[in-house]
Amino acid sequence: MDSEPSWKQLKLPLERPYKDDHGNPIPVVEDITPDGQYIYETKENPSARLGADLRRIFVERGLDFFDKMTLDSLSSEVAQAESSNPEETPKAEQEEDDDDNESKMMTYEDLRGMREEIIGNLAVSLGEMTQAQQVLAALLATPSSESQTQYSTQSPQSSSQTQTQLMPQAQSAFPPPNTNFSATLVTKPAPITSVQAFNAQLTIGGKDEALRHAAGLFKMSAESMERTRLAGEKYWVDALKIRRSNWGLVPAPLPPGSATGKGADKTSKDFLISYGLEESPILFRRRAVGKLPSYTTASHDVIFPYRKKNRLRVSIVTKDETGTTHTATNSIPFDDETALDGALRSAQREVVEQEIFSILVQEAGSLPTASAKVSERFIVVDAAQGLELHIELADGVDASVEASRPVERSEMCDLIYHGFHLLLLRQHALLKEDRLSSSSSAPATPQNPVQVEKQLKNKYFILQPIIDILQYQVFLDTIRTEVMQIVHALRAAGIPTTLVMNIVGETGKELIKLLDARPNPTVGGEIIVRIFNRHTIRFNFVSPSTLVAHLSQSTLTVSSVPQLCQLLMDEVEQCILNRIRDLGKSLSQNMEGVWFIDLDHCVGRWEGCVLWVFLSFTMHLC
């Protein structure tokens with residue numbers, strides 16, 4: 001046995017030793033304190049453990065557990081378990097048989113592989129244990145182990161006896177170490193100069209990059225803070241400009257999800273810009289809302305969430321004597337939207353024009369003196385003979401596109417375009433006045449507010465006054481044509497004739513007062529034809545087509561063009577015959593001549609002579 005090497009003498013027990021060589025139980029070490037004291041596992045008393053288990057049985061199963069567990073109950077439970085799982089036992093037996101068969105069927109190759117694996121693991125374990133033996137022997141051979149052994153004598157008596165018995169045996173079992181432990185100081189050799197320079201450059205470059213990155217972050221944060229500050233200043237400056245321009249500011253609604261219960265903070269943190277008309281319907285007032293951009297949105301002056309950029313275009317289509325169609329349109333005004341006030345004015349124009357078009361659509365179906373064709377965005381009104389009024393709500397109208405349109409511009413279209421705005425304001429003012437007057441006086445019977453509003457709107461039209469103006473224009477053109485034919489004929493005959501035609505007889509103040517009038521506003525004028533600087537023919541006319549002739553004998557209302565032609569011929573004939581009579585009397589005064597007018601001719605008599613004077617008009621005069 002002594003000739004065998006030390007690693008073959010090592011025995012590895014398969015179980016943990018629980019007794020030493022003298023038969024004393026080895027305590028289980030649970031922990032070692034920093035002072036070197038061992039803390040052992042306390043022995044458990046079997047009677048105490050049994051008492052704890054019985055206590056758990058009574059606590060978990062009840063006090064009558066043993067009364068219930070009889071032999072009959074146990075047999076019934078076993079039978080129930082077997083009946084519920086009849087296949088478990090055969091299956092377990094079959095698995096055991098399969099395991100036995102598999103263990104019996106191991107081949108030589110399997111056994112050889114298992115042997116090689118076990119031998120390799122055992123060789124590794126042998127090397128590890130040999131190394132541990134040498135380390136332990138070296139530790140036991142050092143003087144520090146003796147002091148540790150003396151210090152351990154202060155532990156309890158059982159541990160001291162065990163240690164004193166084990167230490168000599170351990171020192172005798174392990175051979176002396178072959179080498180002694182020694183400390184060696186190893187320093188890393190310094191790199192060459194070029195490598196040191198390169199390493200320094202890498203270090204400086206890395207630090208420089210980190211510093212530049214940090215400086216960039218600080219710079220970006222400072223720029224962001226500066227942009228936020230400038231945006232905040234611009235926000236409140238724009239708000240003061242809007243307020244100074246007398247635009248309406250209303251509180252913004254609370255954001256979605258805000259508390260609305262009792263005691264909640266319902267104050268608005270922002271405001272909206274209301275640029276709609278005060279008396280407009282609620283539908284258009286909701287659209288006429290803008291807001292200033294927040295700090296995070298793009299840089300715009302005002303944000304219009306409901307803006308559609310629809311503009312009102314008015315056109316007049318006429319036909320001349322040759323049948324050629326002429327189209328004239330209005331000039332759409334545009335504001336400078338780069339300015340804050342200009343953007344609000346442009347948005348207000350669009351909303352007002354949308355409201356005007358909606359009212360025109362309602363009125364176009366009930367015009368008393370014209371017919372109309374209405375579509376979603378286009379209205380065609382046959383205002384007069386040979387004249388059509390086209391009203392369009394154009395989409396996406398721009399200043400550059402509108403300036404490049406090759407269309408004839410007309411002052412009448414501009415008058416109609418701006419007249420719609422004035423008539424809308426007039427309607428709003430009169431409706432407000434009627435509403436306030438009706439609310440001040442107690443109503444006799446309650447009425448529906450929607451029906452009352454509809455009845456009031458039917459009293460103040462927007463489209464009908466414009467149709468009256470167009471019909472008035474055509475009416476004046478017809479009268480001017482007939483009167484000018486008579487005037488040109490008289491002047492061609494050498495008769496001195498003057499014509500004074502005043503289409504609109506009202507002054508500027510009177511025209512402004514017409515907008516406050518309850519009935520639809522009407523305008524009028526007069527025509528004065530003076531023949532021989534003494535005879536006068538005067539006509540008064542009122543829009544849309546009322547003509548009154550003021551004659552020396554009576555006042556007549558002219559209702560047709562043939563009647564006007566006949567009236568002009570009769571009056572001109574009467575004036576010329578009177579002039580001939582007067583000239584005849586002055587020439588035959590010494591001859592005691594007699595001159596008089598008999599119906600449609602003039603008769604002159606002197607010294608047995610008789611003269612009849614007749615006047616005739618060709619057909620082209622009328």
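Scoring rules and cut-offs
- Residue indices begin from 1 for each chain and proceed along its sequence in written order.
- Totals for whole chains, interfaces and linings use all residues, but because this is a predicted model, local features are given only for residues with pLDDT of at least 70 and pairs of side-chain atoms are given and counted only at 80 or more.
- Side-chain measures here rest on the full set of heavy atoms in the structure, leaving out hydrogens and waters.
- UniProt positions are given in the numbering used here, feature names are shortened, and annotations may be inferred rather than shown by experiment.
- Secondary structure follows DSSP: runs of H or I at least 4 residues long count as helices, runs of E at least 2 residues long count as strands, and numbering of each begins at the N terminus.
- Buried residues are those whose accessible area, probed at 1.4 Å on protein chains only, stays under 20% of the maximum for their type, while exposed residues exceed 50% and partly exposed ones sit between those limits.
- Here, two residues are considered to be in contact whenever any of their heavy atoms come within 4.5 Å of each other.
- Only the protein chains shown count as cover for residues, and the accessible areas themselves come from Shrake-Rupley with a 1.4 Å probe.
- By convention in these notes, a salt bridge is any Lys or Arg side-chain nitrogen within 4 Å of a carboxyl oxygen on Asp or Glu.
- Asp and Glu are treated as the negative residues and Lys and Arg as the positive ones, with His and the ends of the chain left uncounted.
- Only strands joined by at least two bridges in the DSSP assignment are considered to pair.
- Here, axes are lines fitted to C-alpha atoms. For helices the fit covers the stretch in contact, and angles between N-to-C directions go from 0 to 180 degrees.
- Residues enter patches when their relative accessible area tops 30% and they take part in no salt bridge; the joining distance is 9 Å for like charges and 5 Å for the nonpolar side chains Val, Leu, Ile, Met, Phe, Trp and Tyr.
- Here a pair means two rings of Phe, Tyr or Trp (six-membered ring of Trp) with centres within 6.5 Å. Their orientation is stacked below 30 degrees between planes, edge-to-face above 60, and tilted elsewhere.
- Two conditions define a charge located above a ring, namely a distance within 6 Å from the ring centre to NZ of Lys or CZ of Arg, and an angle within 35 degrees of the ring normal.
- The predictor rates its confidence in each residue with pLDDT, a number between 0 and 100.
- Multiplying 1.5 Å by the helix residue count minus one yields the expected span of that helix.

The name given to the chain in an unreviewed UniProt entry is Mediator of RNA polymerase II transcription subunit 17, and the organism recorded there is Leucocoprinus leucothites. Quoted verbatim from the Subcellular location (unreviewed entry) field of UniProt, the annotation for the chain is "Nucleus". For the record of the chain, the UniProt heading Sequence similarities (unreviewed entry) holds the text "Belongs to the Mediator complex subunit 17 family."

Student: Just checking my understanding: could you explain the overall build of the chain for this structure?
Tutor: Secondary structure assignment for the chain yields 17 helices and 19 strands. A buried classification covers 25% of the 622 residues belonging to the chain. Residue pairs in contact within the chain that sit at least 24 positions apart in sequence constitute 57% of those at least 6 positions apart. Just so you have it, the chain exposes about 43,200 Å², and 57% of that area is on carbon and sulfur atoms.

Student: Please explain the pattern of salt bridges as it appears in this structure.
Tutor: Pairing of side chains with opposite charge becomes possible as their charged atoms draw close. Tallied over the entire structure, the rule returns 15 salt bridges. The residue arginine 112 makes a salt bridge to glutamate 116 at a minimum N-O spacing of 3.5 Å. A residue pair is termed a helical-turn pair when its members lie 3 or 4 positions apart in one helix, as arginine 112 and glutamate 116 do in helix α6 (residues 108–141) at four residues. A residue is classified by how much of its surface remains accessible, and arginine 112, at 48% relative accessible area, is partly exposed. The residue glutamate 279 makes a salt bridge to arginine 435 at a minimum N-O spacing of 2.6 Å. Remark: arginine 435 occurs in helix α13 (residues 411–440) and glutamate 279 occurs in the loop between β4 (271–274) and α10 (282–287); sequence separation between them is 156 residues.

Student: Help me understand the side chain of glutamate 573, please; the structure alone is not making it clear to me.
Tutor: Turning to its location among the elements, glutamate 573 is positioned in helix α17 (residues 561–587). The side chain of glutamate 573 sits in the buried core without any salt bridge; arginine 581 is the nearest counter-charge, 13 Å away. Excluding residues within four positions of it along the chain, glutamate 573 makes contact with Asp600, Leu615 and Phe617.

Student: Before we go on, may I ask you to explain unusual backbone geometry in this structure?
Tutor: With an omega of 5°, the peptide bond running from serine 543 to proline 544 counts as cis. Tracing the sequence through the fold places proline 544 in the loop between β14 (535–542) and β15 (546–550). Positioned with a positive phi, asparagine 246 is a non-glycine residue whose angle comes to about 70°. Here asparagine 533, not a glycine, exhibits a phi torsion of approximately 60°, which is positive. Turning to its location among the elements, asparagine 533 is positioned in the loop between β13 (524–531) and β14. For asparagine 533, a relative accessible area of 55% translates into the label exposed.

Student: Explanation requested: the sheet that holds strand β5 (residues 289–290) in the structure shown.
Tutor: What links the strands of a sheet is backbone hydrogen bonding, and the strands pair in either a parallel or an antiparallel sense. With antiparallel pairing, the three strands of this open sheet are ordered in space as β3-β4-β5. The two strands at the open ends of the sheet, each matched to only one other strand, are β3 (248–251) and β5. Examined bridge by bridge, β4 and β5 share two bridges and lie antiparallel to one another. In the sheet register, isoleucine 273 faces β5, and the bridge partner there is glycine 290. Along the sheet face, helix α9 (residues 193–244) touches β3 and β4 and points at about 35° away from the line of β4.

Student: Please explain the side chain of glutamate 355 as it appears in this structure.
Tutor: As for its position among the elements, glutamate 355 is in helix α11 (residues 340–364). For glutamate 355, a relative accessible area of 2% puts it in the buried group. When near neighbours in sequence (up to four residues on either side) are disregarded, glutamate 355 contacts Leu277, Ser280, Pro281, Phe284, Leu424 and His428.

Student: For this particular structure, what's the right way to read a nonpolar patch on the surface?
Tutor: Residues Leu50, Leu54, Phe58, Leu63 and Phe66 make up a contiguous nonpolar surface patch of roughly 510 Å² in combined accessible area. Broken down by element, the nonpolar patch gets its largest block of residues, three residues, from helix α2 (residues 46–61). For leucine 50, a relative accessible area of 51% corresponds to the exposed category.

Student: Can you help me understand the pairing of strand β10 (residues 387–395) in this one?
Tutor: Along any regular strand the residues' side chains alternate between the sheet's two faces. In the sheet, strand β6 (residues 310–319) pairs with β10 via nine bridges, with the strands oriented antiparallel. Among the inter-strand pairings, threonine 318 is bridged to a residue of β10, identified as leucine 387. Where strand β9 (residues 378–384) meets β10, five bridges bridge the pair, whose relative direction is antiparallel. Within β10, the position partnered with valine 380 by the bridge is histidine 390.

Student: Even after reading the chapter, I still don't get the pairing of strand β8 (residues 371–374), so can you show me in this structure?
Tutor: Pairing between β8 and β9: four bridges, direction antiparallel. Counterpart to valine 374 in the pairing with β9 is isoleucine 379. Between β8 and the antiparallel strand that follows it, β9, lie three residues.

Student: For this particular structure, what's the right way to read the packing of aromatic side chains?
Tutor: In this description, an aromatic ring pair is defined by two values, namely the gap between the centres and the angle between the planes. Evaluation of the coordinates by the stated rule reveals six aromatic pairs. Both rings, one in tyrosine 38 and one in tyrosine 40, keep their centres 6.2 Å apart while their planes meet at 20°; by these two values the pair is stacked. Since its relative accessible area comes to 35%, tyrosine 38 is described here as partly exposed. Centre to centre, the rings of tyrosine 235 and tryptophan 236 are 5.2 Å apart; their planes meet at 90°, and the pair counts as edge-to-face. With a relative accessible area of 11%, tyrosine 235 lands in the buried category. The structure contains a cluster of three or more aromatic residues connected by ring pairs, namely Tyr235, Trp236 and Phe271. Positioned over the ring face of phenylalanine 334 is arginine 311, at 5.3 Å from the centre of the ring. For the cation-ring pair, arginine 579 lies above phenylalanine 532, with the distance from its terminal atom to the ring centre recorded as 5.5 Å.

Student: Just to check I follow, could you spell out the confidence of the model for the chain for this structure?
Tutor: The predicted coordinates ought not to be read in detail in places where the model reports low pLDDT. Summarising the model, the chain shows a mean pLDDT of 78, and 80% of its residues fall at 70 or more. Ranking the helices and strands of the chain by mean pLDDT puts α11 first, with 91, and helix α8 (residues 157–173) last, with 45. The model gives residues 86–92 a pLDDT under 50, and that stretch makes zero contacts with residues more than four places away or in other chains. Contacts of residues 144–174 to residues separated by more than four positions or lying in other chains number 19 contacts, the stretch itself having pLDDT below 50.

Student: Explain α2 here, please?
Tutor: With 16 residues, α2 should cover 22 Å at 1.5 Å per step; its first-to-last C-alpha distance of 22 Å lies within 8% of that length. Where α2 ends, the next residue or the one after it, glycine 62, has phi of about 105°, a positive value.

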